[in-house]
There are 4 protein chains.
Amino acid sequence: MITPGELIQLVSPKGKRYLRVFDPEEELHTHDGKLKLKDICELTYGQCIASHLGRNYKVLKPSLYDLLKSIERKTQIIYPKEIGYILLKLGIGPGSRVIEAGCGSGALTMALAWFVGDQGKVYSFERRPEFKTLCVKNLTRVGLLHRVELQEKDIEEGFAVEGADAVFIDVRTPWDYLDQVLCAVKNGHPFGFLLPTMNQVARLLAALEAKPCTDTEVLEILLRRYKPVPERLRPEDRMVAHTGFLIFSRAQR
Amino acid sequence: MITPGELIQLVSPKGKRYLRVFDPEEELHTHDGKLKLKDICELTYGQCIASHLGRNYKVLKPSLYDLLKSIERKTQIIYPKEIGYILLKLGIGPGSRVIEAGCGSGALTMALAWFVGDQGKVYSFERRPEFKTLCVKNLTRVGLLHRVELQEKDIEEGFAVEGADAVFIDVRTPWDYLDQVLCAVKNGHPFGFLLPTMNQVARLLAALEAKPCTDTEVLEILLRRYKPVPERLRPEDRMVAHTGFLIFSRAQR
Amino acid sequence: MITPGELIQLVSPKGKRYLRVFDPEEELHTHDGKLKLKDICELTYGQCIASHLGRNYKVLKPSLYDLLKSIERKTQIIYPKEIGYILLKLGIGPGSRVIEAGCGSGALTMALAWFVGDQGKVYSFERRPEFKTLCVKNLTRVGLLHRVELQEKDIEEGFAVEGADAVFIDVRTPWDYLDQVLCAVKNGHPFGFLLPTMNQVARLLAALEAKPCTDTEVLEILLRRYKPVPERLRPEDRMVAHTGFLIFSRAQR
Amino acid sequence: MITPGELIQLVSPKGKRYLRVFDPEEELHTHDGKLKLKDICELTYGQCIASHLGRNYKVLKPSLYDLLKSIERKTQIIYPKEIGYILLKLGIGPGSRVIEAGCGSGALTMALAWFVGDQGKVYSFERRPEFKTLCVKNLTRVGLLHRVELQEKDIEEGFAVEGADAVFIDVRTPWDYLDQVLCAVKNGHPFGFLLPTMNQVARLLAALEAKPCTDTEVLEILLRRYKPVPERLRPEDRMVAHTGFLIFSRAQR
């Protein structure tokens, strides 16, 4: 049974997806007619509800991947292919206390909040009010805001957090904030960056060399999809060629 | 302060890495001489202890990435680049109940155990006793065995688990076990596969088409590393070209 | 000086490209006004001619790459990234006698005709009249038709050519024509195939194993472009993920 | 029939390859015993000759790809995947007059000499005497030296060639020689570069922006091989991740 407060995903006959915290009082107005969400109470995931025009909508369990896809975005977001790797490199898990700066639309924020669980905490910093608002909206919609402490401020003054398990920085000039990062992250612990251009990567690497850091790495991740047709299996025609370079390092004071 | 029972990582002057659950009574015998681990009690991560020959070993906080790298392996393991993506697609998080079959050396098992937290559970199945033993050893060493219920049995008889949040199958002929997967996973929830050859992917896709599934996807993930030299930034000369194809789908009964 | 009969490329202020065999009598009608091509007689490449509305068009020397880009196409064409590699693997050079089947729009035909020179010959086979016509048009426009013997026929009956230096086959079921290929190509010489799907590749490989062949290879070529901005160097956002798999082998009777 | 003076390729039972200009007087001493090459006179390509120990060596027609693979190298060479693309972008063909600087071991030199034919000419420049010697040796062995004018000199003084159809530069600081390139290549014609690091690419792009150039492009080419096993089709485990970035531009004075 699907209970109120759970995250649900509705898929239209044409594949359009709607993501909601399930509220039985809600009515969803679509091109296929009106859906009374209280009908969902009697279903399991994988089953369908009908609109008042008789069109069937599948009710599926959203994975974190689905949540990330559903984000309302005003910026280039970090993709799932990068997010998964970031989590492993930063050692994020239930109970982690992690700092993130440059939330943008909140994709990484959402993933961090998902994995730290109710025992963990995400400290997020965003300078631009319109992105902070968007981030709050995206986190609220999926019920993860309570795990995030979201501050609208420039990180130049520092994070006012100490002993973070990990830090991730997604801003244009990260080399300006390395002292702040090293001050906030626990010694011997990992931190990371996402940067779109090679020039930024070179500049960041030079700055890291001047700081007490170790284990510095640079990499990029590519994802290639295939058309899932068993008798004509082949890659899709086009793919994303670049989102950004990932840089990881570790404090060693 | 580093407390007994924590996972620690020791890095030798030449970069060799040792991963341990910290036991102050332990002595580590290395090419650089003997290390008394009780010296670590007075350190923070990022600092060094000296061997009896005066060689400095860094003590770093291992991330999940480090744990996965340290695995003793007798099989091709699933790489972090795939693991991160699998987590997101399967919606794994604190509290998840997930089934995995074909543990091999236990890399994915370890990652799943890491992320489900103490409220979650990983149900793992491995047919070959030598791999089960190896898996137990790898999980024990990093203190994650208590979150895993590891059974040595063929999955042909089914999983004897119901209502799993997600399932991941890494066996040679996954098309033989689709009924068992669909029986074990909650309706509307995701499951996935890793397969090395195109022929297997084609055969699995054909089998999935005959089952009540939706949202089937095929993809592969590539990771390219760069030499982290700011004034001569360039990709490394060689890279891994293939580990396997990932296939995801979702039960829709 | 640019002489009549040479291939020229005109580039509009907005980057639109026109490819021509230079005829001083021609007038080109464009959105920027009329260009009298006889003005080109007094120029060198790299200079500009003005339209009657005073807009400047650059006159550039087209490379083979430009010719291939300008092809009028009704099919998926083989890309320059594949064509260059095919040439090297097949050993094409001035004087080569090469067979090609499945001309499509004539991209590979054009490249082969370019490289075999006036001493060589390209024997091309195309079953569908509309593609043969298109191929003739594309080759005529760049002045290379005289090096090509283009036949509209099914290759099931064979090529009626013997002792070819190399063969390239771009048809849907190449495994049906291996005897014809082996009959036409000189012993010990190379031949190749382009195929879009994995299923086709597997089927072709199985068929090749039953024939007197050696040195069989399968590969694919990916090209990633960068934005040529010195202070913000980064890959383009998207790229072609797949055109086809290349298969090469060699007759060994 | 195979005639003296032709390029031939001998393949041992274990796959070792020998490349020769066929001289019937030659005896080849191998681990499998002595081969009298005059026995080849009675063969066609694809057939075998036996060593005095009775081991069979296949005689195959080498393609340009095979010649490039056989090069004796003391430097990182340009790979066939790049060479094929360079040829198309530079518009090389029978009769071309092309300048190349930084021959290294002579891989690109060989490919250019192959394609320009006897009517064309390759002007090659190499500063270091040991590489010039190696280059001469590699070109002589495959019978292509007569198409190359190879000079041991620094290109700072210029090429002393005018009106080249194309130029390719493979040196460490190409930005130092742009005036020389622009002076040597015909206006409106293409030229190119190979550079291993991003820093060099950024610096070259900045230098090109200050010169009368157009159509500047940056790209890289990746090649992925598959194991040619029809029932277990999959990419090879590892691949070359980087040889260099290709940069192309065109003179527009």
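Cut-offs used in this document
Residues numbered from 1 in each chain as written. Chains lettered and ligands numbered in written order. Predicted model: local features only at pLDDT ≥ 70, side-chain atom pairs only at ≥ 80, totals over all residues. Helix = DSSP H or I, 4+ residues; strand = E, 2+ residues; numbered from the N terminus. Buried ≥ 20, exposed ≤ 12 C-beta atoms within 10 Å, placed from the backbone. Contact = placed C-beta atoms within 7 Å. Pairing = 2+ DSSP bridges. Axes fitted to C-alpha atoms, helices over the stretch in contact; angles between N-to-C directions. Nonpolar A, V, L, I, M, F, W, Y, C, P; charged D, E, K, R; others polar. pLDDT = per-residue confidence, 0-100. Least-squares fit on C-alpha atoms with pLDDT ≥ 70 in both. Core = buried A, V, L, I, M, F, W, Y, C linked by C-beta atoms within 7 Å. Expected span 1.5 Å × (residues − 1). Parallel < 35°, antiparallel > 145°, perpendicular 65-115°, else oblique. Left-handed = near helix turned anticlockwise from the far one by under 90°. Arc of directions from axis to C-beta. Domains from an automatic or database assignment.

(A) Quick look at the overall build of chain A. In terms of regular secondary structure, chain A is built from six helices and 15 strands. For chain A, the C-alpha atoms occupy an extent of roughly 65 × 45 × 30 Å along the three principal directions. The buried share among the 253 residues of chain A stands at 51%. Contacts in chain A between residues at least 24 apart in sequence constitute 62% of all its contacts with a sequence separation of at least 6.

(B) A look at the sheet that holds strand E1 (residues 7-11) of chain C. All names here are of chain C. Read across the open sheet, the four strands follow the order E2-E1-E6-E5; overall the sheet is antiparallel. Among the strands making up the open sheet, the edge pair consists of strand E2 (17-21) and strand E5 (48-50). Averaged over all adjacent pairs, the angle separating strand axes in this sheet is 30°, with direction ignored. Alignment of E1 against strand E6 (residues 56-60), held across three bridges, turns out to be antiparallel.

(C) Layout of the interface of chain A and chain C. Across the contact, 17 residues belong to chain A and 17 residues belong to chain C. Mapped onto the side of chain A that touches chain C, the elements with two or more residues apiece are helix H6 (198-209), strand E13 (234-235) and strand E14 (238-240) of chain A. With three residues, the single largest contributor to the side of chain A that touches chain C is E14(A). Within the side of chain A that touches chain C, the residues separate by chemical class into seven nonpolar, three polar and seven charged. Direction of pairing for E14(A) relative to strand E14 (residues 238-240) of chain C: antiparallel, over a ladder of three bridges. Across the sheet, Met239(A) pairs through a bridge with Met239(C), a residue of E14(C).

(D) Highlighting the confidence of the model for chain A. Of all residues in chain A, 100% attain a pLDDT of 70 or more, and the chain-wide mean is 94. Taken together, the chains of this predicted complex give a pTM of 0.94 and an interface ipTM of 0.92.

(E) Molecular detail of the relation of the copies chain A and chain C. Between chain A and chain C, the superposition needs a rotation of 180° and an axial shift of 0.0 Å, giving an RMSD of 0.1 Å. Each copy turns onto its partner about a two-fold axis. Across chain A, the rotation axis passes nearest the C-alpha of Met239(A), at a separation of 2.8 Å. When you check the interface residues of chain A against chain C, 100% turn up at the interface there too, and the contact is symmetric in its surfaces.

(F) Inspection of the nonpolar core at higher detail. Membership of the largest hydrophobic core comes to 320 residues, with the highest contact counts inside it found for Ala111(A), Ala111(B), Met110(C), Ala111(C) and Ala111(D). Those residues in contact with Ala111(A), other than ones at most four positions away along the chain, are Leu64(A), Leu68(A), Ile83(A) and Leu87(A).

(G) Local environment of the relation of the copies chain A and chain B. With an RMSD of 0.0 Å, the fit of chain A onto chain B corresponds to turning through 180° and sliding 0.0 Å along the axis. Comparing contact sets, 100% of the residues at the interface of chain A also lie at the interface in chain B, consistent with an isologous, same-surface contact.

(H) Main features of helix H4 (residues 129-141) of chain A. Between its first and last C-alpha, H4(A) extends 18 Å over 13 residues, near the 18 Å set by a 1.5 Å rise per residue. Structurally, H4(A) contributes buried residues whose contacts are with helix H3 (107-116) and strand E9 (148-151) of chain A.

(I) Fine view of the pairing of strand E7 (residues 97-101) of chain B. Residues and elements named next belong to chain B. In terms of burial, E7 is largely enclosed, as four of its five residues are buried. As paired strands, E7 and strand E8 (residues 121-125) are joined by five bridges and run parallel to one another. Residue pairing in the sheet places alanine 101 in a bridge with phenylalanine 125 of E8. Across four bridges, the pairing between E7 and strand E10 (residues 166-169) is parallel. Counted as the bridge partner of glutamate 100 is phenylalanine 168 from E10.

(J) Spatial organisation of the interface of chain A and chain B. With 56 residues of chain A at the contact, the number on the chain B side is 56 residues. Mapped onto the side of chain A that touches chain B, the elements with two or more residues apiece are strand E6 (56-60), helix H1 (64-69), helix H2 (80-90), H3, H6, strand E12 (213-227) and strand E15 (245-251) of chain A. Broken down by element, the residue count for the side of chain A that touches chain B peaks at 12 residues, all from E12(A). Of the residues that constitute the side of chain A that touches chain B, the class distribution is 30 nonpolar, 14 polar and 12 charged.

(K) Quick look at the packing of helix H3 (residues 107-116) of chain D against helix H4 (residues 129-141) of chain D. Residues and elements named next belong to chain D. Viewed as axis vectors pointing N to C, H3 and H4 meet at an angle of 40°, and their least axial separation amounts to 10 Å. On the basis of their axis angle, the class for H3 and H4 is oblique. Crossing handedness for the pair H3 and H4: right-handed. Together, Thr109, Met110 and Ala113 of H3 and Cys135, Asn138 and Leu139 of H4 make up the contact between the two elements. Counted by class, the contact of H3 with H4 contains four nonpolar, two polar and no charged residues.

(L) Highlighting helix H4 (residues 129-141) of chain B. Residue and element names in this part refer to chain B. The complete set of buried residues in H4 reads Leu134, Cys135, Asn138 and Leu139. Here the buried residues of H4 occupy an arc of 130° about the axis, which is enough to place them on one side. In H4, those exposed residues whose orientation departs by more than 90 degrees from the buried face are Pro129, Glu130 and Thr140. Where the residues of H4 are buried, they touch helix H3 (107-116) and strand E9 (148-151).

(M) Layout of the domain arrangement of chain A. Residues and elements named next belong to chain A. Each assigned domain of chain A is listed with its residue range as follows: domain 1 (7-60) and domain 2 (66-251). When each unit is reduced to the centre of its C-alpha atoms, the spacing between domain 1 and domain 2 is 32 Å. Listed by partner, the interface residues are five residues for domain 1 and five residues for domain 2. Per-element accounting of the side of domain 1 that touches domain 2 gives the leading share, three residues, to strand E2 (residues 17-21). Of the residues in the side of domain 1 that touches domain 2, the class split is three nonpolar, one polar and one charged.

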